Amino acid sequence: MIGATVGTRFHIVGRIGEGWLFTVYRARDLLTGQLVAVKVVRPTFTTQRPFVEALLQAFEQHIHLAHPSLVRYLASGETEEKIPFVVCELVAGHALTQLLQRRLPLPIHQALDLLSQVADGISYLHRAGMVHGDIRPHNILVTPRGAVKVGDYGLWPVFLSS
């Protein structure tokens, strides 16, 4: 996948990591020059066409959402091989999981600040009629300045329907 261009404008430049549903790549947006994250659905799931269609529909619903505590989704689609992908902002930082492994217990002021930011993002999703469905430290990114970005939101209905 490295060296490929997906969605006609996202050139894959490196691999970031892999989860149970996605392989995540670093890419350059050829239109803006910006670095982004491209999350490509793992091959295990691509043969289940109803699931893929529901996933693509969910991605499209996320693109209009904008909140400082949510990872911003920028585009979605399928590769030439019909593998679904979603493009989102590339967040500098680490998952809350890593922060908790290095520093427990968190100072109370830091814990409350992180929790408040997560709650703001989740509240925004709820006002937009969405449920995160998988809120856990792995899906919460913390930047070096302490800003929170909640990711992988709104996929819960896809799993319930498939």
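Relevant structure appears above.
Numbering of residues begins from 1 in every chain and follows the order in which that chain's sequence is written. Given that this is a predicted model, residues contribute local features only at a pLDDT of at least 70 and side-chain atom pairs are listed and counted only at 80 or more, while totals for whole chains, interfaces and linings are drawn from all residues. Each side-chain value is worked out from all heavy atoms of the structure, with water and hydrogens disregarded.

Asker: Explanation requested: unusual backbone geometry in the structure shown.
Answerer: Backbone geometry follows two general trends: most residues other than glycine have a negative phi, and most peptide bonds adopt the trans configuration. Residue P105 is reached from L104 by a cis peptide bond, and omega for that bond is -10°. Strands are runs of DSSP state E lasting at least two residues, helices are runs of H or I lasting at least four, and both sets are numbered from the N terminus onward. Along the chain, the position of P105 falls in the loop between α3 (96-102) and α4 (108-127). The residue T8 is not glycine, and still its phi comes out positive at about 65°. Along the chain, T8 turns up in the loop between β1 (5-6) and β2 (10-18). Exposure remark for T8: the relative accessible area of 76% places this residue in the exposed category. The phi dihedral of D152 falls on the positive side, at around 55°, and the residue is not glycine. Mapped onto the elements, D152 comes out in the loop between β9 (148-150) and α5 (156-161). Each residue is placed in one exposure class: buried if its accessible area under a 1.4 Å probe, protein chains only, is under 20% of its type's maximum, exposed if it is over 50%, and partly exposed if it falls in between.

Asker: Can you walk me through the pairing of strand β3 (residues 22-29) in this structure?
Answerer: Working note: regular strand, side chains alternate between the two faces of the sheet. Among the eight residues in β3, six count as buried, and that is most of the element. In this scheme, strands are said to pair when DSSP sees at least two bridges between them. In terms of strand pairing, β2 meets β3 through seven bridges, oriented antiparallel. Note that in β3 the partner of G14 across the bridge is R26. The antiparallel pairing of β2 with β3 creates a hairpin that spans three residues between the two strands. The pairing of β3 with strand β4 (residues 35-41) spans seven bridges and is antiparallel. Bridged to R28 within β4 is L35.

Asker: For this particular structure, what's the right way to read α4?
Answerer: For an α-helix, the turn length of 3.6 residues means that residues three or four places apart are oriented alike. With 20 residues, α4 extends 28 Å between its outermost C-alpha atoms, agreeing within 8% with the 28 Å of an ideal straight helix rising 1.5 Å per residue. For α4, the complete set of buried residues consists of Q110, L114, Q117, V118, G121, I122 and L125. Considered in projection along α4, the buried side chains sweep an arc of 130° and stay on one side of the axis. What points out from α4, more than 90 degrees from its buried face, is the exposed set I108, H109, L112, L115 and R127. Contacts are residue-level and defined by heavy atoms, with any inter-residue pair within 4.5 Å sufficient. Buried residues along α4 sit in contact with α3, β8 (140-142) and β9. Of the residues flanking the end of α4, it is G129, one or two places downstream, whose phi is positive at about 85°. Multiplying 1.5 Å by the residue count of a helix minus one yields the expected span of that helix. The arc in question is the one traced by the directions running from the helix axis out to the C-beta atoms.

Asker: Explain the packing of aromatic side chains here, please?
Answerer: The description of an aromatic ring pair uses the distance of the two centres, along with the angle that the planes make with each other. Aromatic contacts are taken between Phe, Tyr and Trp rings whose centres are within 6.5 Å, Trp giving its six-membered ring; a plane angle under 30 degrees counts as stacked, one over 60 as edge-to-face, and the others as tilted. Throughout the structure, instances matching the rule amount to four aromatic pairs. Their ring planes at 80° and their centres at 4.9 Å tell us that Y73 and Y153 sit as a pair that is edge-to-face. Taken as a pair, Y73 in strand β5 (residues 73-78) and Y153 in the loop between β9 and α5 lie far apart in primary sequence, 80 residues in all. A single burial state applies to Y73 and to Y153, both of which are buried.

Asker: Explain helix α2 (residues 49-62) here, please?
Answerer: Taking 1.5 Å per residue as the helical rise, α2 with its 14 residues ought to reach 20 Å, and the 20 Å between its terminal C-alpha atoms agrees with that figure. Every buried residue of α2 is listed here: F51, V52, A54, L55, L56, A58, F59 and H62. Those residues of α2 hidden inside the fold are in contact with β3, β4, α1 (43-46), β5, β6 (84-89) and α5.

Asker: Mind showing me how you'd approach the sheet that holds strand β7 (residues 94-95) here?
Answerer: The strands that make up a sheet are held in pairs by hydrogen bonds between backbone atoms, and each pair lies either parallel or antiparallel. In spatial order, the strands read β7-β8-β9; together these three strands make up an open sheet with antiparallel pairing. Since the sheet does not close on itself, it has two edges, and those belong to β7 and β9, each with one partner. Bridge count for β8 against β9 is three bridges, and the pairing is antiparallel. In the sheet register, L141 faces β9, and the bridge partner there is K149. On top of the sheet, α4 reaches β8 and β9; it is set at about 40° to β9, its chief contact. Here the axes come from fitting lines to C-alpha atoms, over the contacting stretch only for helices, and the angles between their N-to-C directions go from 0 to 180 degrees.

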